Amino acid sequence: MDRTEWIWMNGEFVPWDDAKVHVLSHGLHYGTGVFEGIRAYETERGPAIFRHREHLGRLHKSAELYYLEIPFSSDQLRAATHELIRRNGLRSCYIRPIAFRGYGEMGLYAKQAPIDVLIAVWPWGAYLGEEGKRNGIRAKVSSWRAISADSLIPHAKAAGQYLNSVLAKEESVKAGYDEAILLDQQGFVSEGSGENIFVIRDGVICTPGHTSSILDGISRASVIQIARDLGYTIEERGIARAELYLAEEVFLTGTAAELVPVREIDDHPIGKPGEITTQLQTRFDDALHGRAEEYLEWLDLVEQPSVERASRVTS
Ligand code: PPE
């Protein structure tokens, strides 16, 4: 992991090595935390954060679902993130805000333990590899089912829930694949270990809906909008396992992964990245990097200090 200089922690900027928590932090023991994965991209007008407000909104909603109160507003977290990117001198980066129950009380009803909030930023390359992004990845349907909505909350991006993703990912990598695809409790397709999934059949772009234990992905929503704007039909529906093998094209979306084609599932070839996948990938990439006029509103520009202001601050 690439280190940066500063981390924002509970309202203060602290050096990377000093950003520490107590070993008896509640979140470490019980997974009681919620987090986000966000990316900032280099654009002509400086670093810009993709759908920043939506990510911060989801962070607060995830917290609420688990009865955690984040002691900072989205506006405060947004301003802190901007300043953090400026201080670290980054032009593009991954952004990881996390809020978790901290140190102060043990046991499951630990209302005396405060909520710690921190934001870290670091450069993070292609999540499933550059080669995977270009030529597609090989995936395996996991023997682990996705967490069900009657045990945990797939709509929340909560730390403890990721044990499910970790099991699936470990299994797929150990078996020689790049990524895992999880089925939901009914045996329908849910999502990747850290990505939403899209399956193209007869030219129609299909993706599992909200009742299939998915995270309501922000990349997913963006790609759906882009596809609709290009005139494609999108169906949110239950997807049978065999449809993965019968699909013309399959791809994954996520903040870390961006848009990644899938070229093989359970040793069934899907083929090299197809026409629709490639078109959506290019368009999505343009949106991320501020090259698509109609999606500029998705970008939260990190204002850079003007040369005048910067010199005033240093003098
Ligand atoms: N499903 C899961 C389970 C998931 O973790 C992610 C993001 C998505 C779908 C896609 O959501 P969105 O990023 O809003 O489009 N996974 C994050 C964590 C990756 C990690 O290894 O950490 C991410 O992509 O940042």
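See the structure above.
In this text the structure is predicted, and so the values were computed from the model without any measurement.

Caption draft 1: The arrangement of helix α2 (residues 52-65) in detail. Spanning 14 residues, α2 covers 20 Å between terminal C-alpha atoms, matching the ideal 20 Å at 1.5 Å per step. Within α2, burial applies to H52, H55, L56, R58, L59, S62 and A63. Looking down the long axis of α2, one finds its buried residues gathered within 155° of arc, a one-sided arrangement. Of the exposed residues in α2, the ones pointing more than 90 degrees away from its buried face are R53, K61 and E64. Downstream of α2 by a residue or two, Y67 has a phi angle that is positive, lying close to 60°.

Caption draft 2: Summary view of empty space enclosed by the protein. Tallying each qualifying case throughout the model produces two cavities of 30 Å³ or more. Lining the largest cavity are R39, Y41, F50, H55, I218, S219, G254, T255, E258, F284 and L288. Every element with two or more residues in the lining of the largest cavity is listed here: β4 (38-43), α6 (218-229) and α8 (275-288). When its residues are assigned to classes, the lining of the largest cavity shows five nonpolar, four polar and two charged. Its volume calculated, the second largest cavity comes out at about 30 Å³. As for the second largest cavity, its lining consists of E248, E249, V250, P261, V262, I270, G271, K272, P273, G274 and T277.

Caption draft 3: Examining unusual backbone geometry more closely. One non-glycine residue, R51, adopts positive backbone phi at about 50°. Mapping R51 onto the fold places it in the loop between β5 (46-50) and α2. In this model, E258 sits at a positive phi of 65°, which is unusual for a non-glycine residue.

Caption draft 4: Broad picture of the packing of aromatic side chains. The tally for this structure, following the rule as stated, stands at ten aromatic pairs. For the ring pair W8 and F72, a centre distance of 4.9 Å and an interplane angle of 70° mean the geometry is edge-to-face. Taken together, the positions of W8 in strand β1 (residues 6-9) and F72 in the loop between α2 and α3 (74-87) put the pair 64 residues apart, joining distant regions of the chain. Residue classification places F72 among the buried positions, given a relative accessible area of 16%. Summarising the aromatic geometry, the rings of F50 and W298 are spaced 5.7 Å apart at their centres and angled 90° between planes, so their arrangement reads as edge-to-face. Of this pair, F50 sits in strand β5 while W298 sits in the loop between α8 and β17 (299-301); the two residues are 248 residues apart in sequence, bridging distant segments of the chain. Grouping residues by exposure puts F50 and W298 together as buried.

About the criteria used
- Along each chain, numbering runs from 1 in the same order as the chain's sequence is written.
- In keeping with the predicted nature of the model, local features appear solely for residues at pLDDT of at least 70, side-chain atom pairs appear and are counted solely at 80 or more, and the whole-chain, interface and lining totals rest on all residues.
- Water and hydrogen atoms were dropped before computing side-chain values, which therefore reflect all heavy atoms in the structure.
- Counting from the N terminus, the helices are DSSP H or I runs at least four residues long and the strands are E runs at least two residues long.
- The span one expects for a helix is its residue count, reduced by one, times 1.5 Å.
- Only protein chains enter the accessibility calculation, which uses a 1.4 Å probe; a residue is then buried when its area is under 20% of its type maximum, exposed when over 50%, and partly exposed in between.
- Throughout, the arc means that of the directions going from the helix axis to the C-beta atoms.
- Here a cavity denotes a set of grid points, spaced 1 Å apart and computed over the protein atoms alone, in which a 1.4 Å probe fits but from which it cannot get out, and a pocket denotes an open set meeting protein on both sides within 12 Å along at least five of seven lines; residues with an atom within 4 Å of a point are reported as lining.
- Grid points are joined across faces, edges and corners, and a volume is the space filled by probe spheres set on the points.
- Under the grouping applied here, Gly and all other residues not named as nonpolar or charged are polar, the nonpolar ones being Ala, Val, Leu, Ile, Met, Phe, Trp, Tyr, Cys and Pro and the charged ones Asp, Glu, Lys and Arg.
- For Phe, Tyr and Trp, rings pair up if their centres lie within 6.5 Å, where Trp contributes its six-membered ring, and each pair is then called stacked (planes under 30 degrees apart), edge-to-face (over 60) or tilted (otherwise).

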